Each structure stands twice: as C-alpha cells, then as structure tokens.
Amino acid sequence: MDDCIFCQIIAHKAPAEFVYEDDHVVAFMDIYPATRGHCLIVPRQHVRNLYDVAPDVAAAVMAVAVRLAPALRDVTRADGMNLWQSSESAAGQVVFHFHMHLLPRYAGDGLHVPGNRRRAAPAELNGLATDVRQRLMA
Ligand code: AMP
Ligand code: ZN
C-alpha cells in the first residue's frame, strides 16, 4: 500500500522511532502524542481496521500490548494506561491501517475517554444484546 504511512514506516521508507519489531507486529512512538509516551502497535499486514483484522493478527498485536505496557509504565512512571482503537472516521480513525494506541495516563492529565454517559434502561440493553447475539449466530 504505497499511500499508507504505516506501510511506509514498516518498510523503513518513512521515519519512526521504533520500540518493538517482530515478524508480524511493530510498535513505534506516536508523532502527535496525546500523552507522554504514546505508542502505536501495528501489524505488518495492511488491513483497514477492526472489521478486517484476522483474529490471529489481532492476538499478535494484543500480545505486544501486554509486553509493552509494563515497560512503558516503568519508563514513563505513568499512573495508568489506556489501550485504544478507532475504526472508521466516526470513531476518530485517521490512519486506515489497523493499529492500537497504548496511551500512558497521568493523574490529572485531563484526558476524558469517553464522555457523556448515562445509565441505560434495562429494556434498551436487553434489546441490543438480543440483536447482537442473533447477529453473531447468523
Ligand atoms: P487514529 O486516529 O487511531 O487513526 O490514529 C492515528 C495516529 O497515528 C495518530 O495518533 C497520529 O498522531 C499517528 N500518526 C500519524 N502519522 C504518524 C507518523 N508518521 N508517525 C507516527 N505516528 C503517526
Ligand atoms: Zn498500511
């Protein structure tokens, strides 16, 4: 994918500060960090987002997140960590090559993910859950 910045980074044709590489997954520093130490974990295979990624590729990405998180915590002395993924523009996806954000969090850093929550009516939850269970079995 010649026009994909993450494919270019993976091919070392665009610069990035790598923290991890293996046969299937790379991780590098986000160039516009939301917090200090913000990293991206990216499969080498170009897939658009969560709708397209194969479970074994997603598992490989998650395994790197599990390995990287404590190292990032220790280096940054973060107070917490978010694992974050955006699929499609409405969710904030900007780079259309699947990736997960590993986002160190600091007490009082002011980030709010997510906002505007309200307690749902039980019937609403039941209706949605019923539809999802049926869709999974279709
Ligand atoms: P998303 O909104 O989930 O698609 O996130 C894309 C992320 O990629 C953003 O946090 C950007 O700051 C980051 N990003 C875009 N271009 C680069 C780049 N060349 N090197 C590192 N991170 C990048
Ligand atoms: Zn790509």
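Residues numbered from 1 in each chain as written. Chains lettered and ligands numbered in written order. Predicted model: local features only at pLDDT ≥ 70, side-chain atom pairs only at ≥ 80, totals over all residues. Heavy atoms only, no water.

### A look at the site of ligand 1
Stage number 1. The environment of ligand 1 is formed by 16 residues, the closest being Asp30, Gly92, Val94, His99 and His101.
Stage number 2. Within the backbone of Gly92, a nitrogen or oxygen atom sits 2.7 Å from an oxygen atom of ligand 1.
Stage number 3. His101 places a polar side-chain atom, nitrogen or oxygen, 2.7 Å from an oxygen atom of ligand 1.
Stage number 4. Relative to its unbound accessible surface of 510 Å², ligand 1 loses 84% to contact with the protein.
Stage number 5. The element best represented in the shell around ligand 1 is helix α1 (residues 5-10), accounting for 3 residues.
Stage number 6. Looking at the shell around ligand 1 residue by residue, the class counts come to 10 nonpolar, 5 polar and 1 charged. (Near = heavy atom within 4 Å. Polar contact = N/O pair within 3.5 Å; in protein donor to acceptor, adjacent residues only side chain to side chain. Areas by Shrake-Rupley, 256 points an atom, 1.4 Å probe, with all protein chains shown as cover. Helix = DSSP H or I, 4+ residues; strand = E, 2+ residues; numbered from the N terminus. Nonpolar A, V, L, I, M, F, W, Y, C, P; charged D, E, K, R; others polar.)

### Details of the nonpolar core
Stage number 1. Formed by 16 residues in total, the largest nonpolar core has its most connected members in Ile41, Val61, Leu68, Phe98 and Leu102.
Stage number 2. At the level of secondary structure, the elements contributing two or more residues to this core comprise β2 (25-29), β3 (39-43), α2 (55-76) and β5 (100-105).
Stage number 3. By residue number, the principal contributor to this core is α2, which donates 7 residues.
Stage number 4. Apart from the residues lying within four places of it in its own chain, the contact partners of Leu102 are Gly37, His38, Cys39, Ile41, Ala65, Leu68, Ala69, Leu72, Met81, Asn82 and Leu83. (Core = buried A, V, L, I, M, F, W, Y, C linked by side-chain atoms within 4.5 Å. Buried < 20%, exposed > 50% of the residue type's maximum accessible area, 1.4 Å probe, protein only. Contact = heavy atoms within 4.5 Å.)

### Examining the coordination of the zinc ion (ligand 2)
Think of it this way: four donors in a tetrahedron around the metal ideally sit 109.5 degrees apart, and six in an octahedron ideally sit 90 or 180 degrees apart.
Stage number 1. Ligation of the zinc ion (ligand 2) by protein atoms is provided by Cys4 (SG), Cys7 (SG), His46 (ND1) and His97 (ND1), these donors lying 2.0 to 2.3 Å from the ion.
Stage number 2. Coordination at the zinc ion (ligand 2) is tetrahedral: its 4 donor atoms span angles of 103 to 118 degrees at the metal.
Stage number 3. In primary-sequence terms, the residues that donate to the zinc ion (ligand 2) follow C-x2-C-x38-H-x50-H. Pair check on accessibility: Cys4 and Cys7 agree, each one buried. (Donors = N, O, S within 2.8 Å, 3.2 Å for Na, K, Ca; no water. Tetrahedral: all angles 85-135°; square planar, octahedral: opposite > 155°, others 65-115°.)

### With respect to the side chain of Asp30
Stage number 1. Relative to the assigned elements, Asp30 resides in the loop between β2 and β3.
Stage number 2. For the buried Asp30, which has no salt bridge, the nearest side chain bearing the opposite charge is Arg105, at an N-O separation of 14 Å.
Stage number 3. At 2.8 Å, the side chain of Asp30 and the backbone nitrogen of Tyr32 are in polar contact.
Stage number 4. Excluding its chain neighbours within four sequence positions, the residues that come into contact with Asp30 are His38, Cys39, Leu40 and His101. (Lys, Arg positive; Asp, Glu negative; His and termini not counted. Salt bridge = Lys/Arg side-chain N within 4 Å of Asp/Glu carboxyl O.)

### Comments concerning the sheet that holds β5
Stage number 1. An order of β1-β2-β3-β5-β4 is seen for the 5 strands of this open sheet, with the pairing classed as antiparallel. Strands with a single pairing partner mark the edges of an open sheet, and in this sheet they are β1 (18-21) and β4 (80-84). Averaged over all pairs of adjacent strands, the angle between their axes in this sheet comes to 15 degrees, without regard to strand direction.
Stage number 2. When β2 meets β3, the two strands line up antiparallel, connected through 5 bridges. Looking at β3, one finds that Met29 is bridged to Cys39.
Stage number 3. Against the sheet, α2 touches β1, β2, β3, β4 and β5, its axis set at about 160 degrees to β3. (Pairing = 2+ DSSP bridges. Axes fitted to C-alpha atoms, helices over the stretch in contact; angles between N-to-C directions.)

### Focus: the layout of surface pockets
Stage number 1. Each pocket or cavity is described by its volume, and for the largest pocket that value is around 470 Å³.
Stage number 2. What lines the largest pocket is a set of 22 residues, among which Phe6, Asp30, Ile31, Leu40 and Val95 lie closest to the centre.
Stage number 3. Of all the elements in the fold, those that place two or more residues in the lining of the largest pocket are α1 and β2.
Stage number 4. With 3 residues, α1 is the largest single contributor of residues to the lining of the largest pocket.
Stage number 5. Across the lining of the largest pocket, the residue classes break down as 14 nonpolar, 6 polar and 2 charged. (1 Å grid on protein atoms, 1.4 Å probe; cavity = no way out; pocket = protein on both sides within 12 Å on 5 of 7 lines; lining within 4 Å. Points joined across faces, edges and corners; volume = space filled by probe spheres on them.)

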